[in-house]
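# Structural description and commentary
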Amino acid sequence: MPALVFLHALLGLVLLLAVPALALWGLLGFSRPLPARFYALLRGAAWVAILQVALGFLLFFLGLRPKDGLHLLYGLLLAAGLHYLGGLEPGGWFHRGLKDPPKRPEVFVALGLLFAVGLVLRAYFTGR
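Let me sum up the structure you'll find in this document. Treat the numbers as computed from the prediction; the structure is a model and nothing was measured. (Residues numbered from 1 in each chain as written. Predicted model: local features only at pLDDT ≥ 70, side-chain atom pairs only at ≥ 80, totals over all residues. Heavy atoms only, no water.)

## Concerning the overall build of the protein chain
- For the protein chain, the count of helices and strands is 5 helices and 0 strands.
- Of the regular secondary structure in the protein chain, the N- to C-terminal order runs α-α-α-α-α.
- In terms of overall size, the protein chain behaves like a compact globule, its C-alpha atoms giving a radius of gyration of 15 Å where 128 residues would be expected to give roughly 14 Å.
- Seen along its three principal axes, the alpha-carbon backbone of the protein chain occupies a region of about 45 × 25 × 20 Å.
- If you take every contact in the protein chain between residues at least 6 apart in sequence, the share linking residues at least 24 apart comes to 72%.
- When the accessible area of the protein chain is evaluated, it comes to approximately 7300 Å², of which 73% is carbon and sulfur surface.
- Mean positive and mean negative side-chain charge positions of the protein chain (11 and 4 charges, respectively) differ by 6 Å. (Helix = DSSP H or I, 4+ residues; strand = E, 2+ residues; numbered from the N terminus. Rg over C-alpha atoms; globule rule 2.2 N^0.38 Å. Contact = heavy atoms within 4.5 Å. Areas by Shrake-Rupley, 256 points an atom, 1.4 Å probe, with all protein chains shown as cover. Lys, Arg positive; Asp, Glu negative; His and termini not counted. Charge placed at Lys NZ, Arg CZ, Asp CG, Glu CD.)

Here is the structure:
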């Protein structure tokens, strides 16, 4: 059990560092298209968040987490948001599925990542 708690905390630290860094890099999307490498890192962060949510729910069902119930909600919203933002890459799964996809999805990705920074901070502070 302590290994699961440690892994959950480690993944949280990775997200606490990665999401603000991606948001800062994503701000360039207001002026120019973002490279494919950016979207690959964003999708990687999304999978880290999805794994952390799965671990969080496992810990919850084992009675080890969380102190505040909102922690689960913030983590779930963060994982879903990062997953959908990663799919907004031109030609990505979410971008293709839109009836009228935006010509500049980078702007939406940049704004979504700024919101994700707030979610990752809220998840961190409610889970401490």
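## Notes on the pattern of salt bridges
- For the coordinates displayed, the defined rule picks out 2 salt bridges.
- The partner of Arg43 in a salt bridge is Glu89, with the nearest N and O atoms 2.8 Å apart. One end of the pair, Arg43, is in helix α2 (residues 36-61); the other, Glu89, is in the loop between α3 (70-86) and α4 (93-97), with 46 residues separating them in the sequence.
- What makes Arg43 partly exposed here is its relative accessible area of 32%.
- Taking the shortest distance from any N to any O, the salt bridge between Glu106 and Arg104 comes out at 3.1 Å. (Salt bridge = Lys/Arg side-chain N within 4 Å of Asp/Glu carboxyl O. Buried < 20%, exposed > 50% of the residue type's maximum accessible area, 1.4 Å probe, protein only.)

## Considering the side chain of His71
- On the secondary structure map, His71 appears in helix α3.
- Residue classification places His71 among the buried residues on the basis of a relative accessible area of 13%.

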